[in-house]
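What follows is each chain in one-letter form.
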Amino acid sequence: GQPSPPPSGDWGQPSQPPSVSGKPPVSVKVLRMQSMQIRVLLGKGGLTIRDIIAKTGADIKFDQSKRDDPEGDVTIVGNVERTEAVIRDVLASKGCPLR
């Protein structure tokens, strides 16, 4: 009898080459910030943060679940290095640089 092809579903398909588009792998970083810095980052009506997201293509989430907490977490998903650099620039330009 003839040998049957291997049972896996993608038999005969070329294997996907790793990230063709040259995009860096998605990574995640959490920055701890003062609530004042978070307010600066958000900007009026979220303008500043929307601008940062547009520039970097990253997903940025804020967690200030505790209302009286003087600090909050900012989670960056995407190009962490570039996004963090932009965030640092914005905060420094507004006079409250990230330590």
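This report concerns the structure included in the present document. (Residues numbered from 1 in each chain as written. Predicted model: local features only at pLDDT ≥ 70, side-chain atom pairs only at ≥ 80, totals over all residues. Heavy atoms only, no water.)

What the three strands build is an open sheet, ordered β1-β3-β2; its pairing is antiparallel. If you trace the sheet from one side to the other, it starts and ends with β1 (27-34) and β2 (59-63), each paired once. On average, adjacent strands in this sheet sit at an angle of 20° to one another, irrespective of strand direction. One ladder, built from eight bridges, connects β1 with strand β3 (residues 71-78); its direction is antiparallel. Its bridge partner being in β3, L31 is matched across the sheet by V74. (Pairing = 2+ DSSP bridges. Helix = DSSP H or I, 4+ residues; strand = E, 2+ residues; numbered from the N terminus. Axes fitted to C-alpha atoms, helices over the stretch in contact; angles between N-to-C directions.)

The next subject is the side chain of E84. Summarising the element assignment, E84 is placed in helix α3 (residues 80-93). Excluding residues that lie within four positions of it along the chain, E84 makes contacts with K29, L31 and I76. (Contact = heavy atoms within 4.5 Å.)

Sheet topology note: the β2/β3 ladder contains five bridges and is antiparallel. Paired with K61 across the bridge in β3 is T75.

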